[in-house]
Amino acid sequence: MWGAGCALREVDLSVIDSSFTLYRENIDTTKTYQTERTTVAQKEWIDKDYYADLGVSSTADADEIKKAYRKIARDNHPDAHPGDTVAENRFKTASEAYSVLGDKDKRSEYDELKQMVASGGLGGYGGFSGFGTGGGAGGAGDFGGAGTSEGFDLGDLFNRSGRSGGGGFGDVFGDMFGGGAGRDSARSTRTRRTRGADVETDITLEFREATKGVTVPIRLTSPAACTTCHGSGATPGTSAPKCGTCSGSGMVSENRGAFGFSRPCADCNGTGTRIEDPCDDCAGTGRVTRTRTITVRVPAGVVDGQKVRLAGQGEAGERGRPAGDLFVTVHVKPDDLFTRSGDDLKMTVPVSFTELALGGTVTVPTLDTKVRVKIPAGTADGTTLRVRGRGVTKRNGNSGDLLVTVKVAVPKKLDEGAASALRHYAEEEKRAGFDPRADWSGN
């Protein structure tokens, strides 16, 4: 426990360009102070949803994030779409998102910032004002106060209360700068803004459905907003008054000298309101588990393992809070004929030796219809021929190509006439001086 003469030596709060940095003192009982600079977050991140920009969930691992970024970058690279501002902006957005989510430390910092903003812990982030209304630190009063009238809570910075469960540096500094009023205000905002959980599910598509795009209805069983009380938790026609125990903050605090401890209010379960006449259908939670049918529009060109995000279609939040998101992972069945290489379709077509040697035309299928492909005379076995614009449709409306690889089919049996003709051809081939192994390195 600190002595009566112990005081915070220096706290320098600075807002610099697009980031703000907190300097704090590490205090020990010998009054030796070590200043540690802790970067909290970059201000421009607050309005960005980098996970949505890459089309992945917030629980995606590093490989999923990298895969999603590479696909977007490949599909929208400015070199491949000159003059296409939509593709260019998409490319820039994805690059910015990956620069943060692709870096382990930046991603951790970004996640903490977004969690704090979602919970109301930054109170508008325009500046720092009022560490509390009680002036419990010898009249600390307003400190900065540029652009916001909400109380800034040091507890939210040092504690990340969503993980700490109360106590720790957050409560210590929160109490030193004004008792509990500012802290409770911020945390009541956090409680009210908590949204429902994200939901993940899977669908399986045929190869051609994935390449052309499809709309799929799925049945999902999860907590959804109660249709009787419309998510409020209260019987229709009634209201939920402010909790008298926590004064609507959702948290109760206890001061013990220089230390402060806070915990969710047991009377209102941390919601800040008390439902005196709960809805019979949802028992006051505002949610009921039910089976819903949701229509998922899968865009053309989706690849196996890609996720489609449906905002607000996840679990409903308690008592009218926002719903989480639904992430649908798409699995694609292999096709008997086609494979994919980015936006290009690939296929192998069997041909005869004479078609390669003399040239000819073969008819091959595409996703929509059939096309004729010309084989030049003297084409080597295994050559790939390109049919422009017959691949997978891109987001900008253009299409990839169809790549047709020709492969000689050798007959297992020949009748006497065909065998005689081939022997005659072999003799004429030797007479003409053709040697298939003339340039072979094994000679």
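To be clear, the structure that these remarks concern was listed above.
These numbers were taken from a predicted model, which means no experiment stands behind them.

Caption draft 1: Representation of the overall build of the protein chain within the structure. On a plain count of helices and strands, the protein chain comes out with eleven helices and 16 strands. A total of 443 residues make up the protein chain; the buried ones form 39% of that total. Here the contacts in the protein chain between residues at least 6 apart in sequence split such that 62% fall between residues at least 24 apart. Surface summary for the protein chain: the accessible area is close to 24200 Å², and the carbon and sulfur share equals 49%.

Caption draft 2: Quick peek at unusual backbone geometry. The residue histidine 230 is not glycine, and still its phi comes out positive at about 60°. Looking at the secondary structure, you find histidine 230 in the loop between β5 (214-225) and β6 (251-256). Take histidine 230: its relative accessible area is 68%, and that puts it in the exposed class. Positioned with a positive phi, serine 247 is a non-glycine residue whose angle comes to about 60°. With respect to the helices and strands, the residue serine 247 is situated in the loop between β5 and β6. Taking the relative accessible area as the measure of exposure, serine 247 reaches 53% and is therefore exposed.

Caption draft 3: Inspection of empty space enclosed by the protein at higher detail. For the structure on display, the rule yields two cavities of 30 Å³ or more. Approximately 110 Å³ is the volume attributed to the largest cavity. Lys71, Asp75, Asn76, Pro299, Ala300, Gly301, Val302, Gln306, Asp343, Thr393, Lys394 and Arg395 are the residues that line the largest cavity. Across the lining of the largest cavity, the residue classes tally to three nonpolar, four polar and five charged.

Caption draft 4: Focus on the packing of helix α2 (residues 62-76) against helix α3 (residues 85-101). Close contact between α2 and α3 brings their axes to 9 Å; oriented N to C, the two are set at 160°. In terms of their interaxial angle, α2 and α3 are classed as roughly antiparallel. The handedness of the crossing between α2 and α3 is left-handed. Residues Ile65, Lys66, Tyr69, Ile72, Ala73 and Asn76 of α2 form the contact with α3, whose own contacting residues are Ala87, Glu88, Arg90, Phe91, Ala94, Ser95, Tyr98 and Leu101.

Caption draft 5: Representation of the sheet that holds strand β10 (residues 326-332) within the structure. Pairing in this open sheet of three strands is mixed, and the strands run β4-β10-β9 from one edge to the other. Each edge of the open sheet carries a strand with a single partner, namely β4 (199-205) and β9 (307-310). Going across the sheet, the axis of each strand differs from the next one's by a mean of 25°, ignoring polarity. Bridging between β9 and β10 involves four bridges; their strand directions are antiparallel. Across the sheet, valine 308 pairs through a bridge with valine 328, a residue of β10.

Caption draft 6: Examining the pairing of strand β15 (residues 384-387) more closely. Burial of β15 is one-sided: the residues Leu385 and Val387 facing one way are buried, the residues Thr384 and Arg386 facing the other way are not. Pairing analysis gives four bridges linking β15 to strand β16 (residues 402-408), with the strands arranged antiparallel. Its bridge partner being in β16, valine 387 is matched across the sheet by leucine 402.

Rules and cut-offs
Starting afresh in each chain, residues are numbered from 1 along the sequence in its written order. The predicted origin of the model limits local features to residues at a pLDDT of at least 70 and limits the giving and counting of side-chain atom pairs to 80 or more, whereas totals for whole chains, interfaces and linings rest on all residues. The side-chain quantities take in all heavy atoms of the structure and omit both hydrogens and water. A run of H or I in DSSP becomes a helix once it reaches four residues, and a run of E becomes a strand once it reaches two; helices and strands are each numbered from the N terminus. For every residue, the accessible area (1.4 Å probe, protein chains only) is compared with the maximum for its type, and the residue is labelled buried under 20%, exposed over 50%, or partly exposed between those bounds. Contact criterion: two residues are considered in contact whenever any of their non-hydrogen atoms come within 4.5 Å of each other. Values of accessible area rely on a 1.4 Å probe in the Shrake-Rupley scheme; residue burial ignores everything except the protein chains shown. Of the two site types, the cavity is a set of points on a 1 Å grid over the protein atoms alone where a 1.4 Å probe fits but cannot get out, and the pocket is an open set with protein on both sides within 12 Å along at least five of seven lines, each lined by residues with an atom within 4 Å of a point. Grid points are joined across faces, edges and corners, and a volume is the space filled by probe spheres set on the points. Classes in brief: Ala, Val, Leu, Ile, Met, Phe, Trp, Tyr, Cys and Pro nonpolar; Asp, Glu, Lys and Arg charged; the others, Gly included, polar. Under this scheme, a helix contributes an axis fitted over its contacting stretch, all axes are lines through C-alpha atoms, and angles between N-to-C directions fall in the 0 to 180 degree range. By the definition adopted for this analysis, an angle is roughly parallel if under 35 degrees, roughly antiparallel if over 145, roughly perpendicular if from 65 to 115, and oblique otherwise. Crossing handedness is read from the near helix: turned anticlockwise from the far helix by less than a right angle, it gives a left-handed crossing, and turned clockwise, a right-handed one. What makes two strands pair is DSSP finding at least two bridges between them.

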